[in-house]
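Close look at the chain arrangement
So the chains spell out like this:
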Amino acid sequence: MKESAIRVVVADDQDLVRSGYRAILGTYPDIAVVGEARDGEEAVLAAQRLKPDVVLMDVRMPRRNGIEATRDITANPTLARTHVLVLTTFDIDEYVYDALAVGASGFLLKDADPDDIAAAVRVVAAGDALIQPSVMKRLVERFVAARPRAGAPGLDADRPLAQTLSGLTDREREILGLVARGLSNDEIGAELFISPATVKTHLARVMAKTGAHDRAGLVVFAYESGLVAPGA
């Protein structure tokens, strides 16, 4: 294994699925599967022990499900560099939003092509969200508008979302809105006539203020705080 390889833990209660992902990812020299877990509890323990870059997390698992395990991982400050990529059967699975709300960086269809799986791992390892804007829009419209606001991942539950939002500067709110629309740093920079590096600096401040784990968390916060309306 190359020292610079992306370290991955695969969490799924089916032996065949885990071995399949290990075999697939093993063909890419920049990715290494360093551990496996058969349930959510094992996934949390493996993440704590191995400090992987990415955890491929199934949702429906015994003992502790993937949502609970994701929450434990993303809330752990010692795992700040570990990102969770949820495995799902359907792109509009009812659990996908729950996973994003507790800090998952995105989701991956279980029947994705090998190159897409590898690309997803690389995207998430880099700290980016793996959610197509059209899919995020459907998720938001279907779930956010129909349920109580749960709060963005990592956000202090005792602090109102509106209060956190009011703590952002006008520029930070502007950039957050563009992130929620699915724009990349380069696209945001072009829209606002600033450099991608400046966008990145603003986003780092927004993440610090909102407690969001990554871009997916920022999108959830943007909708749940009311900055962006479902269907906008």
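**Points about a negative patch on the surface**
Where like charges cluster on the molecular surface, the negative patch consists of D111, D113, D115 and D116. Residue position: D111 is located in the loop between β5 (106-109) and α5 (114-125). Since its relative accessible area comes to 62%, D111 is described here as exposed.

**A few points about unusual backbone geometry**
Positive phi is not limited to glycine here, since R63 has a value of about 65°. Mapped onto the fold, R63 is located in the loop between β3 (54-58) and α3 (66-74). For R63, a relative accessible area of 58% corresponds to the exposed category. Here the phi dihedral of F193 falls at roughly 60°; this positive angle occurs in a residue that is not glycine. In this structure, F193 sits in the loop between α9 (185-192) and α10 (196-210).

**A few points about the sheet that holds β3**
Strand order in the open sheet formed by five strands is β2-β1-β3-β4-β5, and the pairing between neighbours is parallel. Either end of the sheet is taken by a strand with one partner, and the two such strands are β2 (31-37) and β5. Mean inter-strand twist for the sheet, computed between neighbouring axes without regard to direction, equals 30°. Bridge count for β3 against strand β4 (residues 83-88) is five bridges, and the pairing is parallel. Across the sheet, residue V55 finds its bridge partner in β4, namely V84. Contacts from α3 reach β3 and β4, with the element oriented near 160° to β3.

**With respect to the environment of V34**
Along the chain, V34 falls in strand β2. In this structure V34 comes out as partly exposed when scored by relative accessible area, which is 23%. Once the C-alpha coordinates of V34 and R7 are considered, the two residues, 27 residues apart in sequence, prove to be 6.0 Å apart.

**Observations regarding the nonpolar core**
One finds A11, V55, M57, I73, V84, V86 and L100 to be the most contacted residues of the largest nonpolar core, which totals 28 residues. When residues of this core are traced back to their parent elements, those giving at least two are β1 (6-11), α2 (40-50), β3, α3, β4, α4 (94-101) and α11 (215-224). In terms of nonpolar packing, the next biggest core, distinct from the first, is built from 22 residues, L165, L183, V219 and Y223 among them.

**So, the pattern of salt bridges**
Taken as a whole and assessed by the stated rule, the structure comprises 13 salt bridges. A salt bridge links R38 to E42; the nearest nitrogen and oxygen atoms lie 2.9 Å apart. One salt bridge connects K209 with E172, and the closest N-O pair in it is separated by 2.9 Å. Of this pair, K209 sits in helix α10 while E172 sits in helix α8 (residues 170-180), placing them 37 residues apart in sequence. One network of salt bridges, with partners in common, ties together D15, R18, R22 and E36.

Rules of the game
- Residues numbered from 1 in each chain as written.
- Predicted model: local features only at pLDDT ≥ 70, side-chain atom pairs only at ≥ 80, totals over all residues.
- Heavy atoms only, no water.
- Patch = residues over 30% accessible without salt bridge, like charges linked within 9 Å, V, L, I, M, F, W, Y side chains within 5 Å.
- Areas by Shrake-Rupley, 256 points an atom, 1.4 Å probe, with all protein chains shown as cover.
- Salt bridge = Lys/Arg side-chain N within 4 Å of Asp/Glu carboxyl O.
- Lys, Arg positive; Asp, Glu negative; His and termini not counted.
- Charge placed at Lys NZ, Arg CZ, Asp CG, Glu CD.
- Helix = DSSP H or I, 4+ residues; strand = E, 2+ residues; numbered from the N terminus.
- Buried < 20%, exposed > 50% of the residue type's maximum accessible area, 1.4 Å probe, protein only.
- Pairing = 2+ DSSP bridges.
- Axes fitted to C-alpha atoms, helices over the stretch in contact; angles between N-to-C directions.
- Contact = heavy atoms within 4.5 Å.
- Core = buried A, V, L, I, M, F, W, Y, C linked by side-chain atoms within 4.5 Å.

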